Every structure is written in C-alpha cells, then in structure tokens.
Amino acid sequence: MNNPKVSVIIPVYNTEAYVEQTLRSIMGQTLRDIELIVINDGSTDGSLSALELIATGDDRIRLYTQPNKGLSQTRNAGIDRARGEFIYFMDSDDLLGRDSLRHCHEECERHKLDFAFFDAETILEDRHTPNLYDYRRKGIVDENKLWNGIELLDFEINHRKLLISPCLFFTRRSFLERCFKGFPSGIIHEDHVFAMDVLLNARRARYIAQPYFKRRVRGS
C-alpha cells in the first residue's frame, strides 16, 4: 500500500460532544488520499466509544488509545506514526473547510513548499460571547509571494499578525522531521516551539488567503 498524501493527527481528550463532527469534517475532505491518526488521550467521557463507532466506517482512520499524557506527547505520538508526505494537526472540537487539504497539497506540490499556511474563523457557541480572536491576514500577507520563513516571521511580527497554532500550518513531513524535535511536555504555549522551529527553518512557504480552520470558542 502506498503511503497517503496527508497524515492528519487528531489528539482527543473529553470532546465527546464535538469529536464526531470534527472527524467528519476531515473524512469529507475533497482530498481522499489521507490517513486520520486519532489518539484518545485517556478521555473520561464517552469520546472513546464515539471514536470506535466512527472508525468502523472508514478504513483511513487509525485509532489509538493511551493513558492521559497531555497534548504535547499525544501529538508527538501521532508524528511518530505518520506515514503521509505531509502532516496536518487538527483539534478534536474544531472543523476544517472541505477543500482545505486538497488546496494545501496542490500548493505545496506546485511550489515545492516546506509548508503552506492559512487563516481561521471562530465558531461562537454562545452568541453572547465576544469574538476576541482575529485570525485574518488577507490583504496583509501577500498570497502571491514565495516566503522565506525568517522573512515571514519578521513580517508577521511587525504587522502584529503572528499566528502560531499548528492547526494553521500544512507541513511537509520530511521538512518537519529535519527541523522539529517534538512538542515539549510540561509547559504551556507549546505551540510557540512548533511555530518558531518551522518559521526559522523554512525556505519556501506560501499563504493561502482562506479561513479554512474553524476554531470553536466554547461557552463558559
């Protein structure tokens, strides 16, 4: 069996109410040649049962379960198991636009990119919750430019548009293996380590001006 084009790594911890919708947003991608590496990180709700039910309907899902180790170690376990040419990290309570993986894959192949990156929009569970998050870079970051990572980092910092979530990066696995030693455990803001390693080492990156990632902001 040939390796898939994309490995989507999805850590799951106590997101029973959302995880099916999340997985179906990946299963329904227009790019079909993918694998879903889903790791149940010791959930104490019904997440595992929901995952087992969903996994029976799609042989692209590789389901694992482990004692709770936290987000960093769970993502690292996903990286170790990934077989795809590219890696995408997904959170288990969010959604991904249907054409996201195909578009990113095509851009990366066409321009021989280390990574492609895109924007997000928020899903507010409670309409009374203020939307404090702005993930839009369209009209600010040049979508026709081939970026060097350090140049991009400098530009985004200067324009106050540095977004570090791994869910906004679509990364070539061979590049990631060279420059990134894994998410560190026992700290907060572990995403910063990922973003800095990727940005400081990339030679070729392009911006896709689409809010493909749908970040859920839960009510209090």
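For the structure, see preceding data.
Values in this document were obtained by computation on a predicted structure and should not be read as measured data.

Let's shift gears to the overall build of the chain. Along the chain, the regular secondary structure elements total 7 helices and 8 strands. Computed over the C-alpha atoms, the radius of gyration of the chain is 17 Å, within 12% of the 17 Å expected from 2.2 N^0.38 for a compact globule of 220 residues. Seen through its C-alpha atoms, the chain measures out along the principal axes to roughly 50 × 45 × 35 Å. When each of the 220 residues of the chain is scored for burial, the buried share is 53%. Within the chain, contacts between residues at least 6 apart in sequence are counted, and of these 81% link residues at least 24 apart. Total accessible area on the chain stands at roughly 10,800 Å², and carbon and sulfur atoms take up 47% of it. Across the chain, the mean location of the 31 positive side-chain charges is 4 Å away from that of the 33 negative side-chain charges.

Positive phi is not limited to glycine here, since Asn14 has a value of about 55°. A positive phi angle is found at Arg160, which is not glycine, with a value near 55°.

Here 6 bridges tie strand β2 (residues 34–41) to strand β3 (residues 61–66), and the two strands are oriented parallel to one another. Along β3, the bridge assignment pairs Asp41 with Gln66. Each parallel crossover has a hand, and for β2 linked through helix α2 (residues 47–55) to β3 it is right-handed.

By size, the foremost hydrophobic cluster in this structure holds 66 residues, and its most contacted members are Leu23 and Tyr88. Of the residues forming this core, the biggest block, 6 residues, is contributed by strand β8 (residues 205–217).

So, about the environment of Asp94. Secondary-structure assignment places Asp94 in the loop between β4 (86–89) and β5 (95–96). Residue classification places Asp94 among the buried residues on the basis of a relative accessible area of 3%. Between the alpha carbons of Asp94 and Pro211 there is a distance of 13 Å; along the sequence they are 117 residues apart. Discounting residues that sit within four places of it in the chain, Asp94 has contacts with Thr22, Phe213, Lys214, Arg215 and Arg216. Of the polar contacts made by the side chain of Asp94, one reaches the backbone nitrogen of Arg216; its length is 2.6 Å.

Parameters and conventions
- Residues numbered from 1 in each chain as written.
- Predicted model: local features only at pLDDT ≥ 70, side-chain atom pairs only at ≥ 80, totals over all residues.
- Heavy atoms only, no water.
- Helix = DSSP H or I, 4+ residues; strand = E, 2+ residues; numbered from the N terminus.
- Rg over C-alpha atoms; globule rule 2.2 N^0.38 Å.
- Buried < 20%, exposed > 50% of the residue type's maximum accessible area, 1.4 Å probe, protein only.
- Contact = heavy atoms within 4.5 Å.
- Areas by Shrake-Rupley, 256 points an atom, 1.4 Å probe, with all protein chains shown as cover.
- Lys, Arg positive; Asp, Glu negative; His and termini not counted.
- Charge placed at Lys NZ, Arg CZ, Asp CG, Glu CD.
- Pairing = 2+ DSSP bridges.
- Right-handed = clockwise from strand over helix to strand, strands pointing away.
- Core = buried A, V, L, I, M, F, W, Y, C linked by side-chain atoms within 4.5 Å.
- Polar contact = N/O pair within 3.5 Å; in protein donor to acceptor, adjacent residues only side chain to side chain.

Everything listed here is a matter of geometry and, on its own, says nothing about what the molecule does.
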